[in-house]
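# Analysis of the macromolecular model
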Amino acid sequence: MRKGGVLIGFFLLFSLLIGVSQDSQKTYLLKGAGVSLPNNSEDEFPIPLSCMNKITFEVRVTNTVKDCVATELSLGATEIKHGLNYPTKINSQLMVRFAAARAAAEKDGQRIYIASGFRTLERQKYLFATAVKKYGSEAEAAKWVAPPYVSHHPWGLAIDVNYPDEPIGAGWLEINGAKFGLCRVYENEWWHFEPVIAPGGTCPPLLADATLTSQLQPAPVK
Ligand SMILES: [Zn+2]
């Protein structure tokens, strides 16, 4: 009985050793074939993340694994998307992006300010109705004022900068905004900016006007 037990023990140990050597051989072969083995891909391909110093407003690029530190505010690592429900104020991360951009503009001797940011759906309806009266039809009005359910102002995700009388500062933002994830969106609205890209990304080509908004992002749910 005892001898049998020892034999079984040896057999198990032997199987284990064979198993291990097969595994290490497999690993070796995979490596030799240039196949990358599963590991923590976030460590290997970190997603850039921009952080603004709360005091100096300087932007530092780190990554989503390391994250921003306590003395910083995050500009985010992607475009800013709206949630399921309409908010009651402007998106706070959009404000961080704008604060960082404003500080950088100041260093360049330019002034940027938000002339109009968050609007309630009611306000946007009123503005659109006024535009319909002014331009004679909904189709024509939509080129100048986005219809209520199309506009990103009620989502807190659009800002009108330096409107109507300071286009030079807005031009600075058009040139430099991508670093902060802010883009001009329409050819006919030099003042209208949205956080449609990750900070440090590339802004998409301008759309002719607000009637083409659905091509920029999925249309907001009603
Ligand atoms: Zn606007």
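Conventions adopted
Residues numbered from 1 in each chain as written. Predicted model: local features only at pLDDT ≥ 70, side-chain atom pairs only at ≥ 80, totals over all residues. Helix = DSSP H or I, 4+ residues; strand = E, 2+ residues; numbered from the N terminus. Buried ≥ 20, exposed ≤ 12 C-beta atoms within 10 Å, placed from the backbone. Contact = placed C-beta atoms within 7 Å. Expected span 1.5 Å × (residues − 1). Arc of directions from axis to C-beta. Pairing = 2+ DSSP bridges. Axes fitted to C-alpha atoms, helices over the stretch in contact; angles between N-to-C directions. pLDDT = per-residue confidence, 0-100.

## Concerning the overall build of the protein chain
Each helix and strand counted, the protein chain has 6 helices and 7 strands in total. When its helices and strands are written in sequence order, the protein chain yields α-α-β-β-β-α-β-α-α-β-α-β-β. For the protein chain, the residues scored as buried account for 28% of the 222 residues in total. Residue pairs at least 24 apart in sequence account for 51% of intrachain contacts in the protein chain once pairs closer than 6 positions are excluded.

## Description of helix H4 (residues 121-135)
Given a rise of 1.5 Å per residue, 15 residues ought to cover 21 Å, and the 21 Å separating the end C-alpha atoms of H4 matches this to within 8%. Of all the residues in H4, the buried ones are Gln124, Leu127, Phe128 and Ala131. All buried residues of H4 project into a common sector of 100° when viewed along the axis, lining one side. When the buried face of H4 is taken as reference, the exposed residues oriented beyond 90 degrees from it are Glu122, Thr130 and Lys133. Looking at the buried side of H4, the elements it contacts are helix H5 (138-141).

## Let's talk about unusual backbone geometry
The omega torsion of the bond from Tyr163 to Pro164 falls at 5°, within 30 degrees of zero and hence cis. In the Ramachandran plot, Asp67 falls in the positive-phi region, its phi being about 70° despite a non-glycine side chain. Using a count of 12 C-beta atoms within 10 Å as the deciding quantity, one classes Asp67 as exposed. Unusually for a residue other than glycine, Asn162 sits at a positive phi of about 60°.

## Describing the sheet that holds strand S2 (residues 59-63)
The strand order across the open sheet formed by 3 strands is S2-S1-S3, and the pairing between neighbours is antiparallel. A strand with exactly one partner marks an edge of an open sheet, and here the two such strands are S2 and strand S3 (72-76). Strand-to-strand, the axes of this sheet are offset by a mean angle of 35°, without reference to chain direction. The pairing of strand S1 (residues 48-53) with S2 spans 5 bridges and is classified as antiparallel. Note on S2: the bridge partner recorded for Pro48 is Asn63. Here helix H3 (residues 92-107) sits on the sheet in contact with S1, S2 and S3, set at roughly 105° to S3.

## Quick look at the confidence of the model for the protein chain
Looking at the protein chain, pLDDT values average 85 and 77% of them are 70 or higher. Overall, residues 10-37 carries pLDDT values under 50, and its contacts beyond four positions in sequence, including any with other chains, amount to 3 contacts.

## Some details on the environment of Pro167
By secondary structure assignment, the location of Pro167 is in helix H6 (residues 167-176). Under the C-beta neighbour-count criterion, Pro167 is labelled partly exposed, with 14 such atoms within 10 Å. With residues up to four places along the chain from it excluded, the contact list for Pro167 reads Asn162 and Trp190.

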